[in-house]
Amino acid sequence: MIVVVVGGGGREHAIVKKLKESASADKIYALPGNGGIAADAECVDIKATDIEGITAFAKEKKADFVVVAPDDPLAMGAVDRLHAEGIKCFGPVKAAAEIESSKAFAKALMKKYGIPTAAYEVFTDAGAAEKYIDTLPLPIVVKADGLALGKGVVIAPTREEAKKAVREMMGGRFGESGKKVVIEEFLTGPEVSVLAFTDGRTVVPMVSSMDHKRIGDNDTGLNTGGMGAVAPNPYFTPELVKEAERTIFLPTVKAMAAEGRAFRGCLYFGLMITPDGVKVIEYNSRFGDPETQAVLPLLKSDLMEIMLAVEEERLSPDMVRFSDECSCAVVLASKGYPEKYETGYEIRNSCKDAEVYYAGAKLENGVLKTAGGRVLAVSVTAPTLKEAVEKAYGAAEEISFENKYMRSDIGARAMAAK
Ligand code: AMP
Ligand code: GLY
């Protein structure tokens, strides 16, 4: 099969590498991919949001299958467009991708179908939002309705800051994404990410994982796209998995189908284990980054076959097998990220015993150089989490570039759970 993977980050590199293991994926293109992905797929400089460009490319190459990995093209209807040309895809249609692209939609879905989540209200009027804020306990969670590059969530310690966040969002800080604002109850407890394959009827959760969103050790500093991940997440015990399957995973998939928005693809459940049970913090309509770089290395089954079964609505749990090992993915970033940072430095990689998934990397005259905030993730699997963490950090030492920065505590919180 000729396969096109849309996207150009570490997540897409992990998907490409897994697809390469499949007997049926003969040729893999990445649009646009990056300088590191170029070692594993043919990268073509078409933007992930250039839906017409992607469609024309897929037709020209007679692609059998397109994997749409990032949120933007999914929200823009890339899968609908490709389907219209008779091209099979992995990823939800636009109406289903709304579970991520509109938080107001996701919250209303959960309310209607009794799926546990934080109590909330939606506002389009700043005055009404401010009145509601005056009635709430602190801290207060304020979220822009639409996609905001992971920056649309404010946990306000005071009412004044909550009101300021509302005014900024409604004032156009995130464009249309912030015209509608969700204000919700603050929940506490360990967070768990669960990626799940679903064909709209059957849902098969992958091994759970834990993201590390803040830039600094001990979860301090600014939010980032994710500085590392471990899998499985030890807080998510088998009992909690069962609870979530019953109260969240299957109800969500059924709810989407009942709404005429059957979700086919990878549905990401951002969960919190609260004192009142497992609740949904957010849904994403795609594989998470960097969770994918920790989860996919543990997948033993053929990813291409799973993706085909999802698209053809014949997914069954026995198609998805995971190793019972653990994994750790540590992100190496450019110092200064997520704010200002420099790029263009040569990346030297002498590590042999780890997977390296490139994100902000470009090839210049055959030399791989840094080209972004998050440069790459180094990912290792091992029989225990402790070993995986140690080996991942060992491997990270064998990769060098100017201004390299990483957190030193990926996996520490997970290991503390035991
Ligand atoms: P999101 O972009 O929705 O994933 O939110 C980013 C982060 O904000 C989450 O990973 C949580 O750590 C935090 N967060 C979001 N909503 C809540 C909430 N209702 N209570 C506590 N923390 C939250
Ligand atoms: N790791 C969280 C996300 O992909 O949005």
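Our structure's up above, just so we're on the same page.
Below is a short write-up of the structure.

Conventions we followed
- Residues numbered from 1 in each chain as written.
- Chains lettered and ligands numbered in written order.
- Predicted model: local features only at pLDDT ≥ 70, side-chain atom pairs only at ≥ 80, totals over all residues.
- Heavy atoms only, no water.
- Near = heavy atom within 4 Å.
- Polar contact = N/O pair within 3.5 Å; in protein donor to acceptor, adjacent residues only side chain to side chain.
- Helix = DSSP H or I, 4+ residues; strand = E, 2+ residues; numbered from the N terminus.
- 1 Å grid on protein atoms, 1.4 Å probe; cavity = no way out; pocket = protein on both sides within 12 Å on 5 of 7 lines; lining within 4 Å.
- Points joined across faces, edges and corners; volume = space filled by probe spheres on them.
- Nonpolar A, V, L, I, M, F, W, Y, C, P; charged D, E, K, R; others polar.
- Salt bridge = Lys/Arg side-chain N within 4 Å of Asp/Glu carboxyl O.
- Buried < 20%, exposed > 50% of the residue type's maximum accessible area, 1.4 Å probe, protein only.
- Phe/Tyr/Trp six-rings, centres within 6.5 Å; stacked < 30°, edge-to-face > 60°.
- Lys NZ or Arg CZ within 6 Å of the ring centre and 35° of its normal.
- Pairing = 2+ DSSP bridges.
- Contact = heavy atoms within 4.5 Å.
- Axes fitted to C-alpha atoms, helices over the stretch in contact; angles between N-to-C directions.
- Core = buried A, V, L, I, M, F, W, Y, C linked by side-chain atoms within 4.5 Å.
- Areas by Shrake-Rupley, 256 points an atom, 1.4 Å probe, with all protein chains shown as cover.

Around ligand 1 sit 15 residues in total, of which Glu 184, Glu 185, Leu 187, Glu 191 and Glu 282 are the nearest. In the environment of ligand 1, a nitrogen atom lies 3.0 Å from a nitrogen or oxygen atom belonging to the side chain of Lys 143. Glu 185 has a polar backbone atom sitting 2.9 Å from a nitrogen atom of ligand 1. Counting residues per element, the ones that place at least two in the shell around ligand 1 are strand E7 (140–144), strand E8 (153–156) and strand E17 (277–284).

Looking now at empty space enclosed by the protein. Within the structure shown, the criterion is met by 2 cavities of 30 Å³ or more. Considering only enclosed or pocket space, the largest cavity measures out at about 90 Å³ in volume. Around the largest cavity, the lining residues are Ile 99, Glu 100, Lys 103, Ala 106, Lys 107, Met 110, Lys 143, Val 182, Glu 184, Ile 281, Glu 282 and Tyr 283. At the level of secondary structure, the elements contributing two or more residues to the lining of the largest cavity comprise helix H5 (94–101), helix H6 (103–113), strand E9 (181–184) and E17. With 4 residues, the top contributor of residues to the lining of the largest cavity is H6. Within this model, the second largest cavity holds a volume of roughly 50 Å³. Of all elements in the fold, only strand E4 (65–68) and strand E16 (264–274) reach the threshold of two or more residues within the lining of the second largest cavity. Taken together, the residues that form the lining of the second largest cavity break down as 8 nonpolar, 3 polar and 1 charged.

Further remarks concern the pattern of salt bridges. Considering all chains together, one arrives at 31 salt bridges under this definition. Among the salt bridges present, the one from Arg 11 reaches Glu 12, with a minimum N-O distance of 3.1 Å. Lys 27 serves as the salt-bridge partner of Glu 42, at 2.6 Å between the closest nitrogen and oxygen. Taken as a pair, Glu 42 in strand E3 (residues 42–43) and Lys 27 in strand E2 (residues 27–32) lie far apart in primary sequence, 15 residues in all. With relative accessibility at 37%, the residue Glu 42 sits in the partly exposed group.

As a further point, take the packing of aromatic side chains. According to the stated counting rule, one finds 8 aromatic pairs in the structure shown. On the numbers, 6.2 Å between centres and 80° between planes, the contact of Phe 197 with Phe 287 is edge-to-face. Of this pair, Phe 197 sits in strand E10 (residues 191–199) while Phe 287 is found in the loop between E17 and helix H10 (291–295), placing the two residues 90 residues apart along the sequence. Classification of Phe 287 as buried rests on a relative accessible area of 3%. On the numbers, 5.7 Å between centres and 70° between planes, the contact of Phe 269 with Tyr 283 is edge-to-face. Remark: Tyr 283 occurs in strand E17 and Phe 269 occurs in strand E16; sequence separation between them is 14 residues. Like Tyr 283, Phe 269 is buried. Just above the ring of Tyr 29 sits the side chain of Lys 27; from NZ or CZ to the centre is 5.0 Å.

Taking strand neighbours across the sheet as the criterion, the 5 strands line up as E3-E2-E1-E4-E5 in an open arrangement whose pairing is parallel. Strand pairing shows two members of the sheet lacking a second neighbour, E3 and strand E5 (88–90), which therefore form its edges. One ladder, built from 6 bridges, connects strand E1 (residues 2–7) with E2; its direction is parallel. Within the sheet, the bridge partner assigned to Val 4 lies in E2 and is Tyr 29. Where helix H1 (residues 10–20) meets the sheet, its contacts fall on E1, E2 and E4, and the angle it forms with E1 comes to roughly 165°. Here helix H2 (residues 51–60) sits on the sheet in contact with E1, E2 and E4, set at roughly 160° to E2.

Moving on, we get to the nonpolar core. Grouped together as the largest cluster of nonpolar side chains are 48 residues, with contacts concentrated most on Val 66, Ile 99, Phe 236, Phe 249, Phe 269, Leu 271 and Tyr 283. Apart from the residues within four sequence positions on either side, Leu 271 is in contact with Pro 190, Glu 191, Val 192, Val 194, Phe 236, Ile 248, Phe 249, Val 278, Lys 279, Val 280 and Ile 281.

Let's shift gears to the site of ligand 2. Near ligand 2, the surroundings consist of Asp 211, Tyr 268, Asn 284, Arg 286, Gly 288, Asp 289 and Glu 291. For ligand 2, an oxygen atom lies 3.2 Å from a polar atom in the side chain of Asn 284. Between ligand 2 and Arg 286 there is a distance of 2.9 Å, counted from an oxygen atom to a side-chain nitrogen or oxygen. Protein contacts shield 87% of the accessible area of ligand 2, which totals 200 Å² for the unbound molecule.

With that settled, consider the environment of Ala 416. Mapped onto the elements of the fold, Ala 416 is located in helix H13 (residues 412–416). Among the residues examined, Ala 416 registers a relative accessible area of 59% and is labelled exposed. Remark: the alpha-carbon pair of Ala 416 and Pro 234, spanning 182 residues in sequence, is separated by 9.1 Å.

The element E10 is extensively covered by neighbouring structure, given that 8 of its 9 residues are classed as buried. Looking at chain direction, E10 and E16 are connected through 9 bridges and run antiparallel. The residue bridging Leu 195 from the neighbouring strand is Tyr 268, located in E16. Bridge count between E10 and strand E11 (residues 203–205): 3 bridges; the pairing is antiparallel.

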